[in-house]
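Commentary on secondary and tertiary structure
The chain contents come next:
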Amino acid sequence: MRDGALSDYGPLQAELDRTGAYTAPKGRLSLDPTYALLARLGNPHLDLPPVFHVAGTNGKGSTCAFLRSMIEAAGLTVHVSTSPHLVRYNERFRVAGRLIDDAPLAELLREVNNANEGIGASFFEVSTVAAFLAFARSPADAAIIEVGLGGRFDATNVLVQPAACGIASLGLDHEAFLLAPEPAVPLDPMSRIAFEKAGIAKPGSLLVTQHYAPPMTEAIDTVARWRGTQAAARGRDWFAELDRDSLIYRDSMGSLSLPRPVLRGGHQCDNAALAVAMLRHQSAVTVGTEAMATGIATASWPARMQRLDDGPLTRRLPGLPIWLDGGHNPDAGKALAATLDGPVHVICGMLENKDALEFLRPFAHKIASFRAVPIPGHAHHDPAKLCALATEALAIPDAAAAATVEDALDSVAANSQALPVLICGSLYLAGEVLRANGQLPD
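My aim in this report is to walk through the structure given alongside it, one point at a time. For every chain, the first residue of the written sequence is number 1, and numbering continues from 1 along that sequence. Given that this is a predicted model, residues contribute local features only at a pLDDT of at least 70 and side-chain atom pairs are listed and counted only at 80 or more, while totals for whole chains, interfaces and linings are drawn from all residues. Hydrogens are left out, water is left out, and the side-chain values use all remaining heavy atoms of the structure.

Brief notes about the pairing of strand β1 (residues 51-55)
Among the 5 residues in β1, 5 count as buried, and that is most of the element. Type-normalised accessible area, obtained with a 1.4 Å probe on protein chains alone, sets the label of each residue: buried when under 20%, exposed when over 50%, and partly exposed for intermediate values. Secondary structure elements are defined from DSSP: runs of H or I of at least 4 residues count as helices, runs of E of at least 2 residues count as strands, and each element is numbered from the N terminus. Taking every second residue as pointing to the same face, both faces of β1 are buried, with Val51, His53 and Ala55 on one and Phe52 and Val54 on the other. Only strands that DSSP links by at least two bridges are regarded as paired with each other. When β1 meets strand β5 (residues 142-146), the two strands line up parallel, connected through 4 bridges. Along β5, the bridge assignment pairs Phe52 with Ile144. As paired elements, β1 and strand β6 (residues 164-167) share 4 bridges and run parallel to each other. When the sheet's bridge partners are listed, His53 is paired in β6 with Cys165.

Right under this line is the structure:
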């Protein structure tokens, strides 16, 4: 399975087909292919503006969105590299504030694909190098780079001395990769996850982290000491709490009263606070309090408790709000449980390598009906088995499989309970929903 990159622009699709054919050998843990590819292209990663490098299990994309919004509110320009894309591959490349257009992206990929001959860098490695090449060639005041998977061996970890590194919420995900047996690493699973994410720490750069259980914090502090990095931990070096509709932030430099994020959910307050801490603990990019407040109040991030606009899908349920969330692991399920105001109809599709039971369990008591759908083009849980899981393990009485999201919405329309709808379980499913509803992320 790959990221399913498709384009209506022929030259770009031709390069995406080349990129999509690259497959990293199973179990490969090395940055060597990325370094080799960068070297052939003149090492563009060494010619970037001040970088904010963000890792985490959940919340890293939202943290990047808050960083971008605050930096832009300060009147500055910023490059952003995130993954995966939802609808268009172009979403991975925001150059000086704008998503890259098809023609320059096709030319960029052609150049990187040609350089990759004989190296065999993977889809994500090629995409990462292409982003660095695009960013190095266009001026900007800052760059925000989201880690793809893990941290220590992620292709983005070739960065040299970022302005600040940050680690968002941590939880179990990608266990086959992040918990693979290896000498001299923590044995406790959550400490191992923390260890892998902390691998983005760089000498001379600050590592800003959320509050975690003591063994996880110890693992991060250990890596920071090895790397010659100072760690700034929430609850020790900086603090944040929600007071009514204000986010109260404080550190050794003082305290701030900031607005509650427009992004829904208490976890988004945590992500916004991490972005503030990253900006406050570095000196390469100046963002004042007013810009932080504006950025927090206006940041947007698709498929994170996003209410769908008027479109072909929402018109199937006129008058009912339809929410879309791409969360897919146990911590994401807990965040949904805390965010949902009441009972909802759930439409769910999940990749087969995700733990569906532990994702659904936290908010199962808020599920009025459950419709399971496939995820086209990706290996996914069988909808009938998801329904069996919902009824047998979670005691959800109304569960049924549907062939498409459209069919699932029609089934909900026939239900006597006029309740909001939540479509969830996968970012890949979220991308299909946005495409079908005519909402291209911009």
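Considerations on the nonpolar core
To form a nonpolar core, buried Ala, Val, Leu, Ile, Met, Phe, Trp, Tyr and Cys residues must be joined to one another through side-chain atoms within 4.5 Å. The biggest cluster of nonpolar side chains holds 41 residues, and the ones touching the most others in it are Phe52, Met70 and Trp238. Among the elements that take part in this core, helix α9 (residues 266-280) stands out by supplying 9 residues, more than any other. Ignoring sequence-local partners within four residues, the contact set of Trp238 consists of Val208, Thr209, Gln210, Ala232, Ala233, Tyr249, Arg250, Asp251, Ala273, Leu274, Ala277 and His281. It only takes one pair of heavy atoms within 4.5 Å for two residues to be counted as in contact.

Some points on the sheet that holds strand β11 (residues 254-259)
Across a sheet, strands are paired by hydrogen bonds formed along the backbone, either parallel or antiparallel in direction. The 3 strands lie next to each other as β9-β10-β11, forming an open sheet whose pairing is antiparallel. Strands at the two margins of the open sheet, each flanked by one partner only, are β9 (238-243) and β11. Strand-to-strand, the axes of this sheet are offset by a mean angle of 20°, without reference to chain direction. Both strand β10 (residues 246-251) and β11 contribute to a ladder of 6 bridges, which runs antiparallel. Paired with Arg250 across the two strands is Ser255, which belongs to β11. Relative to the sheet, α9 contacts β9, β10 and β11, its axis offset from that of β10 by approximately 35°. To get an axis, a line is fitted to the C-alpha atoms, and for a helix only the part in contact is used. The angle between two axes follows their N-to-C directions and goes from 0 to 180 degrees.

Quick look at the side chain of Arg94
As for its placement among the helices and strands, Arg94 is situated in strand β3 (residues 94-95). No salt bridge is formed by the buried Arg94. Its closest oppositely charged neighbour is Asp442, at 5.6 Å. For this analysis, a polar contact is any N or O atom pair within 3.5 Å, provided that within protein one partner can donate a hydrogen and the other can accept it, and provided that sequence-adjacent residues contribute only side-chain to side-chain pairs. Within polar-contact distance, the side chain of Arg94 engages the backbone oxygen of Gly97 at 3.2 Å. In this view, Arg94 contacts Arg68, Val78, His79, Val80, Leu99, Phe135 and Asp442; residues no more than four positions away in its chain are not counted. This count recognises Lys and Arg as positive and Asp and Glu as negative, with His and chain-terminal groups excluded. Any Lys or Arg side-chain nitrogen located within 4 Å of an Asp or Glu carboxyl oxygen qualifies as a salt bridge.

Considering helix α5 (residues 123-136)
Given a helix with a known number of residues, its expected span is that number minus one, times 1.5 Å. Helix length check: α5, at 14 residues, gives a terminal C-alpha distance of 20 Å against a target of 20 Å (1.5 Å per residue), a fit within 8%. Counting buried residues in α5 gives 13 out of 14 residues, a clear majority hidden from the surface.

Quick notes on unusual backbone geometry
Here Ser83 and Pro84 are connected by a cis peptide whose omega angle stands at -10°. Not every positive phi belongs to a glycine, and Gln161 is a case in point at roughly 45°. Looking at the element boundaries, Gln161 is found in the loop between β5 and β6.

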